[in-house]
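Structure at a glance
Residues per chain are reported as follows:
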Amino acid sequence: MDLPPKRRRRFGDLPLEILLTLLSAFLYALAFPSFLNDNGFPFLATFALIPMLYAVDRTRWGYAPLLGFLFGFSYLAIFNYWLSTFHPMAIFIAPILKGFELMLYFPLMKAAENLPKKGRALLQSCSYIAYIYVGQLGFLGYPYGNLSSAFATWLPLIQISSVFGSWAISLLMFIPQSYAADFLARRHTYGISLSSHLEETEGGIYVYLALFISTLVFGFHTISYWQMQKPNKVIKIATVQHNSDTWKGGYDQYLKNFLTMKQLTEESLAENPDMVMWSETAFVPSVAWHTAHPTDPKTSKLVQDFINFGKSLPCPLVTGNPEGVIKDPTMGTWDKNGNWNRIDYNSVILFADGKIYDTYRKQHLVPFTEYFPYQKQMPRFYQWLKNHDFHWWLPGKKSKIFSYDGLDFSTSICFEDIFGSISAKFVRQGSDLLLNLSNDSWSNAVSAEMQHMRLGTFRAIENRRAVVRSTNSGITCMITPWGQVIDPIKPFTCNYHVYEVPIYSQKSFGLTTYSKHDDWFARIIFIITCISLVFQFTKAASATYKKKQHAKTITSQESGKDMESLS
């Protein structure tokens, strides 16, 4: 269809585009658990991005980075408002980083406007998947706030995660919003009617509806299938939520936490659990360090009390416990400068048979607060972080599958369970049960804990393994292989719960496509997006070059005619 001439931009266009972008950021943030509602308003995520996408489609190229920064900063500041309790600077640093990310991304998203009408929404949607995939990689990886996680409670919709990961849900829910924004932008620019737009893209609409309906049919069928499956066995796991911020240090606090967890554990033993779970860094004094280097009698005694308690249990104990080891084996507990000759890992220990049976070291640490790898490149910033009481850990190098009494299980530590590939790797290596030990109490916000827990829903579905979460303040719960959250302990309360956990072994149920290949779908989308964008920019550059050459030819011909007329 031949398009009518473009309408001219007016003076008030940019302020309106900024307003639309900010409105979209606000609605999108509220789709997740927030300060307004601990459960969020997921339905908002079905249309919240339309105003922003419309603003991007209609704005000038030079304004796209500005809109990107405004959207990224605003939505993350609202969505992660609880970061202000983490550290006063975190609520500024994280949104600024997100803003800079989207400054780079928005021009790529705008590039889709140069595609033929049937490919615009698809490329724009694929570019979003490519962006969030890249955004989870490396030191600054942060998958919080991806579109798919807004729909964590819509179980029939998200069952395809076992094949495609959460990426397919993001793509499926982004496409109609991009399509709607494209229509609004074309209506604004060219005056296109809705009937004309529908007629042009009719085939694509039918394909999308078929995919969406197929997704729901697959989802309902899969939920029914897994609810009918008989697990290989069922074990009882006692989870202890002691409701204390383990960032608060000192011997008195460590003793208080230990006594609370000890009491709750002893109460849980009445239900004959097969395992007891405590949270991340639940017992802070390093058992490994203080048994090998008992330099502080008071703390060493507390460690011995913990060991004696562990020996008295009729079942194994899984708990977070920092692992302190000698940094330089040629020295003692102190180095030549009078500092501790010690390095620490954020670890989980399996305490069984009267000893530390096995240990897992956290591989993916929280940027800036647990780990900063650029000390040499940014020494001043590194020192500033150190001066503001951030505690550094060293990252673990490999996954660990705990094997005890015929059960193979793995333990992601807090932040790690927001990355699907980490849990998938655990399952590939033989894990039949996913445990998560977390500490979110510092947030002082139920919404923050809900945001974290809902990401665990995808880990259960992706791998078709039960997930058990043990936290110090919430959300302690069990998640079934189809994503149902079972009996969560009330957040910010001191309590325990014994869950009957179904074990679906790899030998009987095999591996899901996602477990085998984790983020394969996102990688393919990333490659397709890169090729498409390169093609688009090459095509645009070629067209511009030909246009200039054509103009030069015409100018040269006109100059020749002028010379002939003069002669």
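Our subject in this report is the structure included herewith. Worth saying up front: this structure is predicted, and the values here are computed from it rather than measured. (Residues numbered from 1 in each chain as written. Predicted model: local features only at pLDDT ≥ 70, side-chain atom pairs only at ≥ 80, totals over all residues. Heavy atoms only, no water.)

Applying the stated criterion across every chain, the model contains 14 salt bridges. Of the charged contacts, one joins R58 and E17 as a salt bridge, the two residues approaching to 3.3 Å between their closest N and O atoms. With a gap of 41 residues between them, R58 in helix α2 (residues 50–58) and E17 in helix α1 (residues 13–30) connect regions that are remote in the sequence. Between R361 and E323 there is a salt bridge, with the nearest N and O atoms lying 2.7 Å from each other. In this pair, R361 sits in strand β7 (residues 355–361) while E323 sits in strand β4 (residues 323–326), placing the two residues 38 residues apart along the sequence. We classify R361 as partly exposed; its relative accessible area is 29%. Its relative accessible area of 14% is what places E323 among the buried residues. Linked by salt bridges that have partners in common, D13, E17 and R58 make up one network. (Salt bridge = Lys/Arg side-chain N within 4 Å of Asp/Glu carboxyl O. Helix = DSSP H or I, 4+ residues; strand = E, 2+ residues; numbered from the N terminus. Buried < 20%, exposed > 50% of the residue type's maximum accessible area, 1.4 Å probe, protein only.)

Here the focus is unusual backbone geometry. Here G474 and I475 are connected by a cis peptide whose omega angle stands at 0 degrees. Structurally, I475 is set in the loop between β11 (467–471) and β12 (477–479). Even without a glycine there, the phi angle at N272 is positive, about 55 degrees. The topology assignment puts N272 in the loop between α12 (251–268) and β2 (275–277). Taking the relative accessible area as the measure of exposure, N272 reaches 57% and is therefore exposed.

F106, L433 and V501 are the most contacted members of the largest nonpolar core, which has 111 residues in total. Discounting residues that sit within four places of it in the chain, V501 has contacts with K233, V234, I235, I237, L433, A466, V468 and M478. If you look at the next biggest cluster of nonpolar residues, it comprises 22 residues, including F258, A282, L302 and F309. (Core = buried A, V, L, I, M, F, W, Y, C linked by side-chain atoms within 4.5 Å. Contact = heavy atoms within 4.5 Å.)

Given a rise of 1.5 Å per residue, 16 residues ought to cover 22 Å, and the 22 Å separating the end C-alpha atoms of helix α14 (residues 297–312) matches this to within 8%. Buried residues of α14: T299, S300, L302, V303, F306, I307, F309 and G310, and no others. Check the buried side of α14 and you find it contacts α12, α13 (287–292), β3 (317–320) and β6 (347–352). (Expected span 1.5 Å × (residues − 1).)

The strand order β7-β6-β3-β2-β1-β14 describes an open sheet built from 6 strands, whose pairing is mixed. The two strands at the open ends of the sheet, each matched to only one other strand, are β7 and β14 (495–503). Adjacent strand axes in the sheet meet at a mean angle of 25 degrees when their direction is disregarded. With 9 bridges joining them, strand β1 (residues 233–241) and β14 adopt antiparallel strand pairing. Counted as the bridge partner of V234 is P502 from β14. Seen against the sheet, α14 touches β3 and β6 and runs at an angle of roughly 50 degrees to β6. (Pairing = 2+ DSSP bridges. Axes fitted to C-alpha atoms, helices over the stretch in contact; angles between N-to-C directions.)

A separate point is the environment of L104. Along the chain, L104 falls in helix α5 (residues 90–110). For L104, a relative accessible area of 67% gives the class exposed. Taking the C-alpha atoms as reference points, L104 and G68, 36 residues apart in sequence, are found 7.6 Å from one another.

Taking 1.5 Å per residue as the helical rise, helix α3 (residues 64–79) with its 16 residues ought to reach 22 Å, and the 22 Å between its terminal C-alpha atoms agrees with that figure. Looking only at α3, the buried set comprises A64, L67, G68, F71, G72, S74, Y75, L76 and F79. Considering only its buried residues, α3 is in contact with α1, α2, α5 and α17 (446–463).

Glancing now at the side chain of N341. Checked against the element boundaries, N341 lands in the loop between β4 and β5 (342–345). When neighbours within four sequence positions are excluded, N341 is seen to be in contact with W289, V325, I326, K327, D328, M331, G332, T333, W334 and D335.

Per the stated rule, a full pass over the model turns up 41 aromatic pairs. Here the aromatic rings of Y105 and F106 are separated by 6.0 Å at their centres, their planes lie at 80 degrees, and the arrangement is edge-to-face. Like F106, Y105 is buried. Every member of this aromatic cluster is reached through a ring pair, and the members are Y28, F32, F71, Y75, F79, W82, Y105, F106, Y131, Y142, Y144 and W442. It is R361 that lies over the ring of Y345; its NZ or CZ is 3.8 Å from the centre. (Phe/Tyr/Trp six-rings, centres within 6.5 Å; stacked < 30°, edge-to-face > 60°. Lys NZ or Arg CZ within 6 Å of the ring centre and 35° of its normal.)

With that out of the way, let us pick up a nonpolar patch on the surface. On the surface, V134, L137, F526, I527 and I531 cluster together to form a nonpolar patch covering roughly 440 Å² of accessible area. Among the elements that take part in the nonpolar patch, helix α20 (residues 520–566) stands out by supplying 3 residues, more than any other. Structurally, I531 can be placed in helix α20. (Patch = residues over 30% accessible without salt bridge, like charges linked within 9 Å, V, L, I, M, F, W, Y side chains within 5 Å. Areas by Shrake-Rupley, 256 points an atom, 1.4 Å probe, with all protein chains shown as cover.)

This part covers the environment of L302. With respect to the element layout, L302 can be found in helix α14. Relative accessible area serves as the criterion here: at 1%, L302 is assigned to the buried category. Spatially, the C-alpha atom of L302 lies 8.8 Å from that of F258, the residues being 44 residues apart in sequence. Those residues within four positions of L302 in sequence are excluded, and the remaining contacts are Y251, Y254, L255, F258, F283 and P285.

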